[in-house]
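Architecture and fold: a report
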Amino acid sequence: MKKSCIIWLFAGLALISCSKSPYREIDKALSESDTYEIEYLARIDSVRNVLKSALTDEQKWDCLYELFDLFKHYNSDSTQYYSHLLMQYHGNDPDRMLISQSAEVRSLSRQSYFNEAELLFERLSVSSENTSKAITDYFYAGEGLYSELLKMDPSKSKKKIAELADKYRQLDSTSVSYHLLNAKSIRYNGNPQGCIDLLNTLPESKFQKHNYSLYHYNLALAYEELGNTELQQLHLILSANEDIRMSKKDYSSLYSLAMLLFEKGDIQRASSYLGKALSDALQYNYPVGLIRSASASLLVNELLHESEIKQRKSLVIGIIVISSLGLLAIILALYLKILLRKLRRSNRRLQVTTAKLASTSLIKDSFLAGYMEQAAYYIRKVDENKSQLRRAMKS
């Protein structure tokens, strides 16, 4: 219980960290994918050089198996080529024979030759006398085959995977690969929470890179069935990030992440991730991956095209509205300019009229002053005449 709480705590911290920039790590991995691929191809070339100098069938088989292991997630044609060579050099050693036949099953199922793969797998037998590596490869081939057949015959595939998990438990119940297979079987039987509980008990330190990717992918699928899209997205990002760094081409993680983003409405990013998934499926020559990625890409690109058309329409409408407002502003500016001209003319007329009125007022005042002066003069004269008349009458 304590360990489970610690795991949930770290998952929560990882979710909080990713929430700031949930796609930062995977976008970085995608931008550096060419570098990872160059390093991966260098490893392949190194093993090929060792193969050229191999002297015995045992040495050749070891190199061929390493090349098969490197190509099994990188290119299906090369995977098939090296699986055929493994069959030639196993030397009737029981473990090498089982590993070579399991590789052939893996190659056939990846090429969608399901009937041939199933017939060959049913002829194989595994026991506790086989090495851990032979046992792991046997169950890995069977799990891969019936996972591919899941959509064609779900009930049969789920039953076969459950039988494989039970058989694996009897042979090696401590293997991480067994627990991953068992967790998948539990989820297929309608118990996603049981799958999560089991996976959360596994120490991540024991995972190889491929198993680490599968661990997070299985958790993502379990959380998807529980409807927890946040944790589903977190584990898809972790799984896809590991797949890209390992230069895998037959992954499902990035495709599933793209479809989740599509459902959330992030069409631009979904289209980008689907483009990468389709490109890698083409490089791997993976029929199932090609069909699903191509179909999804067509759908997403169509919606992206429709979205771009809508954006263009909105942009055109916006331009028309802005242009109309600009034209209206120009018309208003011209109208205001005309009004200002009229106002200036009216002001000039008013100034002229005011000046005329001021001049008229001065003339009026001048005439009035002259009139008053003349009237005063006449009044004085009348008074003088009156005075003279009085004096004359008295004398």
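Shown above is the structure to which this text applies.
This one's a predicted model, so the numbers in the text were calculated from it and none came from an experiment. (Residues numbered from 1 in each chain as written. Predicted model: local features only at pLDDT ≥ 70, side-chain atom pairs only at ≥ 80, totals over all residues. Heavy atoms only, no water.)

As for helix H2 (residues 24-31)
Taken together, the buried positions of H2 are Ile26, Ala29 and Leu30. End-on view of H2: buried residues confined to an arc of 100 degrees, all on one side of the axis. Of the residues in H2, the exposed ones pointing more than 90 degrees away from the buried face are Arg24 and Ser31. In the core, the buried residues of H2 are packed alongside helix H3 (33-52), helix H13 (229-245), helix H14 (253-264) and helix H15 (267-284). (Buried < 20%, exposed > 50% of the residue type's maximum accessible area, 1.4 Å probe, protein only. Helix = DSSP H or I, 4+ residues; strand = E, 2+ residues; numbered from the N terminus. Arc of directions from axis to C-beta. Contact = heavy atoms within 4.5 Å.)

Let's talk about a nonpolar patch on the surface
Nonpolar side chains collect at one region of the surface, where Ile317, Val321, Leu325, Leu328 and Leu332 lie side by side and expose about 470 Å² of accessible area between them. Along the chain, Ile317 turns up in helix H16 (residues 287-394). Relative accessible area serves as the criterion here: at 53%, Ile317 is assigned to the exposed category. (Patch = residues over 30% accessible without salt bridge, like charges linked within 9 Å, V, L, I, M, F, W, Y side chains within 5 Å. Areas by Shrake-Rupley, 256 points an atom, 1.4 Å probe, with all protein chains shown as cover. Salt bridge = Lys/Arg side-chain N within 4 Å of Asp/Glu carboxyl O.)

Examining the nonpolar core
Residues Val105, Phe121, Tyr138, Phe139 and Leu145 are the most contacted members of the largest nonpolar core, which totals 43 residues. Elements supplying a minimum of two residues to this core: H3, helix H4 (57-71), helix H5 (76-89), helix H6 (94-110), helix H7 (114-123), helix H8 (132-148), helix H9 (154-171) and helix H10 (176-188). Discounting residues that sit within four places of it in the chain, Tyr138 has contacts with Leu98, Ser102, Phe121, Leu124, Val126, Leu164 and Lys167. Residues Tyr36, Leu221, Ala258 and Met259 belong to the second largest nonpolar core, which totals 25 residues. (Core = buried A, V, L, I, M, F, W, Y, C linked by side-chain atoms within 4.5 Å.)

Side note on the pattern of salt bridges
Following the criterion strictly, the structure yields 19 salt bridges and no others. The salt bridge partner of Asp45 is Arg48, with a shortest N-O separation of 3.8 Å. Of this pair, Asp45 and Arg48 both sit in helix H3, 3 residues apart, which is roughly one turn of that helix. Arg48 gets classed as partly exposed once you look at its relative accessible area, which sits at 30%.

Describing the side chain of Asp243
Topologically, Asp243 is positioned in helix H13. The class for Asp243 is buried, based on a relative accessible area of 2%. Those residues in contact with Asp243 that sit more than four places away from it in its chain are Ser213, Lys248, Tyr251 and Ser253.

Details of the packing of H3 against H4
Packing of H3 against H4 brings their axes to within 9 Å, and their N-to-C directions diverge by 165 degrees. When the axis of H3 is compared with that of H4, the two are roughly antiparallel. In the crossing of H3 with H4, the sense of the turn from one axis to the other is left-handed. From H3, Tyr40, Arg43, Ile44, Val47, Arg48, Val50 and Leu51 reach across to H4, where they touch Lys60, Cys63, Leu64, Glu66, Leu67, Asp69, Leu70 and Phe71. The class makeup of the residues in the contact of H3 with H4 is 10 nonpolar, no polar and 5 charged. (Axes fitted to C-alpha atoms, helices over the stretch in contact; angles between N-to-C directions. Parallel < 35°, antiparallel > 145°, perpendicular 65-115°, else oblique. Left-handed = near helix turned anticlockwise from the far one by under 90°. Nonpolar A, V, L, I, M, F, W, Y, C, P; charged D, E, K, R; others polar.)

Details of a positive patch on the surface
Where like charges cluster on the molecular surface, the positive patch consists of Lys337, Arg341, Lys342, Arg344, Arg345, Arg348 and Arg349. Inspection of the secondary structure puts Arg345 in helix H16. Using a relative accessible area of 47% as the deciding quantity, one classes Arg345 as partly exposed. (Lys, Arg positive; Asp, Glu negative; His and termini not counted. Charge placed at Lys NZ, Arg CZ, Asp CG, Glu CD.)

Overview of the packing of aromatic side chains
Enumeration according to the criterion identifies 11 aromatic pairs in this entry. With a centroid separation of 6.2 Å and 35 degrees between ring planes, the pair formed by Tyr65 and Phe68 is classed as tilted. Of this pair, Tyr65 and Phe68 both sit in helix H4, separated by 3 residues, roughly a single helical turn. For Phe68, a relative accessible area of 4% corresponds to the buried category. A ring pair is formed by Tyr168 and Tyr178, whose centres lie 5.8 Å apart and whose planes are at 70 degrees; its orientation type is edge-to-face. Here the residue Tyr168 occupies a position in helix H9, and Tyr178 occupies one in helix H10, the gap between them amounting to 10 residues. With relative accessibility at 1%, the residue Tyr168 sits in the buried group. (Phe/Tyr/Trp six-rings, centres within 6.5 Å; stacked < 30°, edge-to-face > 60°.)

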